[in-house]
Amino acid sequence: MLKSKTFLKKTRAGGVMKIVREHYLRDDIGCGAPGCAACDGAHEGPVLEPQPLDPASSLCPRPHYLLPDTNVLLHQIDVLEDPAIRNVIVLQTVLQEVRNRSAPVYKRIRDVTNNQEKHFYTFTNEHHRETYVEQEQGENANDRNDRAIRVAAKWYNEHLKKISAENHLQVIFITNDKKNKEKAIEEGIPAFTCEEYVKSLTANPELIDRLACLSEEGNEIESGRIIFSEHLPLSKLQQGIKSGTYLQGTFRASRENYLEATVWVHGDTEDDKEIILQGLKNLNRAVHEDIVAVELLPKNQWVAPSSVVLHDEGQNEDDVEKEEERECLLKTAANEKMLKPTGRVVGIIKRNWRPYCGMLSKSDIKESRRHLFTPADRRIPRIRIETRQASALEGRRIIVAIDGWPRNSRYPNGHFVKNLGDVGDKETETEVLLLEHDVPHQPFSQAVLSFLPKMPWSITEKDMKNREDLRHLCVCSVDPPGCTDIDDALHCRELENGNLEVGVHIADVSHFIRPGNALDQESARRGTTVYLCEKRIDMVPELLSSNLCSLRCNVDRLAFSCIWEMNHNAEILKVRFTKSAINSKASLTYAEAQMRIDSAAMNDEITTSLRGLNKLAKILKKRRIEKGALTLSSPEVRFHMDSETHDPIDLQTKELRETNSMVEEFMLLANISVAKKIHEEFSEHALLRKHPAPPPSNYEILVKAAKSKNLEIKTDTAKSLADSLDRADSPTFPYLNTLLRILATRCMMQAVYFCSGMDNDFHHYGLASPIYTHFTSPIRRYADIIVHRLLAVAIGADCTYPELTDKHKLADLCKNLNFRHKMAQYAQRASVAFHTQLFFKSKGIVSEEAYILFVRKNAIVVLIPKYGLEGTVFFEEKDKPKPRLIYDDEIPSLKIEDTVFHIFDKVKVKIMLDSSNLQHQKIRMSLVEPQIPGISISADTPNMDIDEPERKKKKREK
């Protein structure tokens, strides 16, 4: 049956266009219930269970399916995801509304419907002849959709009677809309609110905790006192932003001070885009990463950023007077130059709440169901939740979601989502750091896995089309030990004309991941592989990452090759790109490759190739450094794990060999060669990578630190910086140059992906290259897959597709890739920090030599070369007499009593694990040498802090 809709649309030119849309109605759409003779043969995919007995409900004891409306799906997704909730009918009307209103919830509901164990059935009611409804005259779209949902619910109940009257199968309509529920009951449809239904599940009382608390008025705190000013409606905010009365920006809470935040104004000038907010009332219920509207305060109310560290210590949530006292601490005396534009939040344009990991701070009131949740991220406020499981959740990591923030509540309201496990447990803490850094880490879905090649796999004649057979070449790979995702392999051989042929062969991942399918979409979403200390979160499924795309030795593999003809002075004479088939002759570690190069006894083909590569790499590196490329440093650590417990038993800085540099040089050369090629072919939509030059102010600390050691660092160009660093040597202090390079690294900007048609500045500052991209790691970086596709089109080895040549879509993709790359780095650092804590927990207290990296007003930041570990030594502690501190920002230096500390000074520190705060365990450092009375401690002084077991014991004794 065909229905058509006709409507008129005004064109840009001012004319009127008639649009006719056809809408097909069908009789062959299945209901999803097994055993239905009327729908037999129409079911596809997972279907409902024939006799749904669980969960047992006191309100509806008969077997039943659930049919939720749009708002239940949007706001109670945590309940629907619970394993106890099965056999749910998701209407097409509801799914379309959810898709339009919340992409994250839509993704979650799609994942649930794809999970066969959940028995969620998507019913296309909008195309079923008996459930389709047309919008009536005077009826708005929302009312029409509510009616469509009720019509479908009623049809289901009548339809199921036909299957078997004895089964008494029912469809229960779940809605929180009072009017919709009343109409449903009038029409004979069994209907309940989500809360009524969940509370009726007597065998699953824990589900009540997962209910989102939606009615802000009903859940406001009893005092009724208004704390915050009302948020202006969106229409007024948009008018104010348009007129310039308000500014729109991203709210960034402070980690160090819960009463301070900044707002980064969108689309403003570079110099004046940061607005400071101070005090609870000016923060006005904004949460980190929300998009907010702010009003600038008069200049006489502007403030300077506070240097005070303030953490919310969970005082009585109604005691706002104490907050006002603490706000007075923020008002530090400041000269006019230090004052910054200051404002207040007047409204929320978009909430960017996510589920938060943290711990329950159990209420002191016995039998209370209301407790505060303390997030692991200090930038997020405490959240008030109701739970009946408080005793069971104490000392565990849990996930909580925010539901709302009433005007008269000190904290937002939320609900319990999930119990992750014990604090300090390795699996639990890894899960927390992945969630907190928004790293997608769920197993790949069946939809994604369905696009993988069928095993056993081998190269076919079709695969060899537009591809060179290079399996005869002596190709080998050089990687870290234990590497299974081998992206790259190399070869070097002498040609008949006396020149050298050098090849970089990269896994042809784009052959297996085709544009637009589920595998491609998931890889694009993940953006990068994330390497943790004991775990790897793959960007692509393991069959590709560790097998079919991994260039392992003695197996045929598909590759994308970049092949140069060079003379013996590493000058490029020719370059060509080709898709290829290779067979690696050896998978070596850096140490094995180095041993071959250094061994006079080895002269086989692989070793000769490696020596040729190494010789050329040294020339390439020298030439690159002469052009101004920077050789910076960062202390990377490697953990040695116990084979049984998997706990770290040793911690060392990573050793770099010549072969590390050899591989790096050819990867850089391949990336630059490919960048030039794709930009020649696609000047408007090449995916490139740039590294902006740092502003001069970034270098201040480096210049001052060098000056304190009578050295001069020039920073006007990358070349002058590189030369200055090369000259900055001290025969009596050999580690000084490494420290300067570590400090120089901290001055750098972040390198980013961008689309060539959306930017004019292509320069890569650190590599001193006018153009650069990423081509050499497609197994672990999605950017490289796009670059492979561009290069394949450029050489005629593959065809293009619309998104590849859409610069706006490429720019959006780059934005996600930059975010994922940054989060992966943060997650990696968090993993190193956690494993470092485990190491020192088992090792106990140690004393080591350290060098000062930074001096602060009341502390020094030190680096311990032995462990590549950085930490802060504080000189002001709670409940201890304050020492005499004099801080000089110009040198910079810190004088404590009669001892002066400068950057790069050598000190001795005691390292210990501080477990006094379970949520934020940290490595704590204390000064041992130089000796300062009342400050320094003896190297063998035991840790005076109460550790966690002792603290619990004392708590029990109280």
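Residues numbered from 1 in each chain as written. Predicted model: local features only at pLDDT ≥ 70, side-chain atom pairs only at ≥ 80, totals over all residues. Heavy atoms only, no water.

Visitor: Residue-level account of the pattern of salt bridges, with values.
Guide: Taken as a whole, this structure holds 56 salt bridges when the rule is applied. Notably, a salt bridge pairs Glu626 with Lys622, separated by 3.0 Å at the nearest N-O pair. Placement of the pair is Glu626 and Lys622 together in helix 18 (residues 605-626), with a separation of 4 residues, close to one helical turn. The exposure class of Glu626 is partly exposed, given its relative accessible area of 43%. Owing to a relative accessible area of 55%, Lys622 belongs among the exposed residues under this scheme. A salt bridge links Glu848 to Lys866; the nearest nitrogen and oxygen atoms lie 3.4 Å apart. Of this pair, Glu848 sits in strand 31 (residues 846-855) while Lys866 sits in the loop between strand 32 (859-864) and strand 33 (869-874), placing them 18 residues apart in sequence. (Salt bridge = Lys/Arg side-chain N within 4 Å of Asp/Glu carboxyl O. Helix = DSSP H or I, 4+ residues; strand = E, 2+ residues; numbered from the N terminus. Buried < 20%, exposed > 50% of the residue type's maximum accessible area, 1.4 Å probe, protein only.)

Visitor: Could you give me a rundown of the side chain of Thr131, with the residues and numbers involved?
Guide: Mapped onto the elements, Thr131 comes out in the loop between strand 5 (120-123) and helix 5 (141-163). Accessibility expressed as a relative area gives 1% for Thr131, which makes it buried. At a separation of 2.8 Å, a polar atom in the side chain of Thr131 contacts the main-chain carbonyl oxygen of Asn125. Once you skip the residues sitting within four places of it in the chain, Thr131 turns out to touch Phe123, Asn125, Val151, Ala152 and Trp155. (Polar contact = N/O pair within 3.5 Å; in protein donor to acceptor, adjacent residues only side chain to side chain. Contact = heavy atoms within 4.5 Å.)

Visitor: So what's going on with the sheet that holds strand 11 (residues 291-296)? Which residues, and what values?
Guide: In spatial order, the strands read 10-9-8-11-12; together these 5 strands make up an open sheet with antiparallel pairing. A strand with exactly one partner marks an edge of an open sheet, and here the two such strands are strand 10 (274-278) and strand 12 (343-350). Strand-to-strand twist in this sheet, taken as the mean axis angle between neighbours without regard to direction, amounts to 40°. Here strand 8 (residues 247-253) pairs with strand 9 (residues 260-265) via 5 bridges, running antiparallel. Directly across from Ala253, in strand 9, lies its bridge partner Ala261. Across the sheet, helix 8 (residues 234-243) touches strand 8, strand 11 and strand 12, and the angle it forms with strand 12 is around 120°. (Pairing = 2+ DSSP bridges. Axes fitted to C-alpha atoms, helices over the stretch in contact; angles between N-to-C directions.)

Visitor: Hey, could you go over the confidence of the model for the protein chain for me, with residue numbers and the actual values?
Guide: Predicted confidence across the protein chain gives a mean pLDDT of 86, with 88% of residues reaching 70 or more. Within the model, the stretch residues 943-958 combines pLDDT values under 50 with 15 contacts to residues more than four positions away or in other chains. (pLDDT = per-residue confidence, 0-100.)

Visitor: If you had to explain the packing of helix 17 (residues 590-598) against helix 18 to someone new, which residues and values would you point to?
Guide: The geometry of helix 17 relative to helix 18 is characterised by a closest axis approach of 9 Å and an angle of 95° between their N-to-C directions. Taken together, the axis directions place helix 17 and helix 18 in an arrangement best described as roughly perpendicular. Only Ile606, Thr607, Leu610, Arg611 and Asn614 of helix 18 make contact with helix 17, whose side of the interface consists of Ala593, Arg596 and Ile597. For the contact of helix 17 with helix 18, the per-class residue count stands at 4 nonpolar, 2 polar and 2 charged. (Parallel < 35°, antiparallel > 145°, perpendicular 65-115°, else oblique. Nonpolar A, V, L, I, M, F, W, Y, C, P; charged D, E, K, R; others polar.)

Visitor: Can you lay out the pairing of strand 24 (residues 556-566) for me, pointing to particular residues and giving the numbers?
Guide: In the case of a regular strand, side chains alternate between the two sheet surfaces. Of all 11 residues in strand 24, 10 are buried; the element is thus mostly enclosed. Where strand 21 (residues 500-507) and strand 24 come together, 8 bridges link them in antiparallel fashion. Its bridge partner being in strand 24, Ala507 is matched across the sheet by Ala559. In terms of strand pairing, strand 24 meets strand 25 (residues 572-583) through 11 bridges, oriented antiparallel. The residue of strand 25 that forms the bridge with Trp564 is Val575. Here strand 24 folds back onto strand 25, and the loop between the two strands holds 5 residues, one of which, Ala570, carries a positive phi near 60°.

Visitor: Give a detailed account of helix 15 (residues 518-526), specifying residues and quantitative values.
Guide: Because the α-helix completes a turn every 3.6 residues, residues three or four places apart line up on one side. Those residues of helix 15 lying buried are Leu519, Asp520, Glu522, Ser523, Ala524 and Arg526. Looking at the buried residues of helix 15, the elements they touch are helix 13 (446-449), helix 14 (509-512), strand 23 (536-537), helix 16 (542-548), helix 23 (782-794) and helix 24 (807-843). Its side-chain oxygen 3.1 Å from the backbone nitrogen of Leu519, Asn517 forms the N-cap of helix 15. Downstream of helix 15 by one or two residues, Gly527 has phi in the positive range, about 80°.

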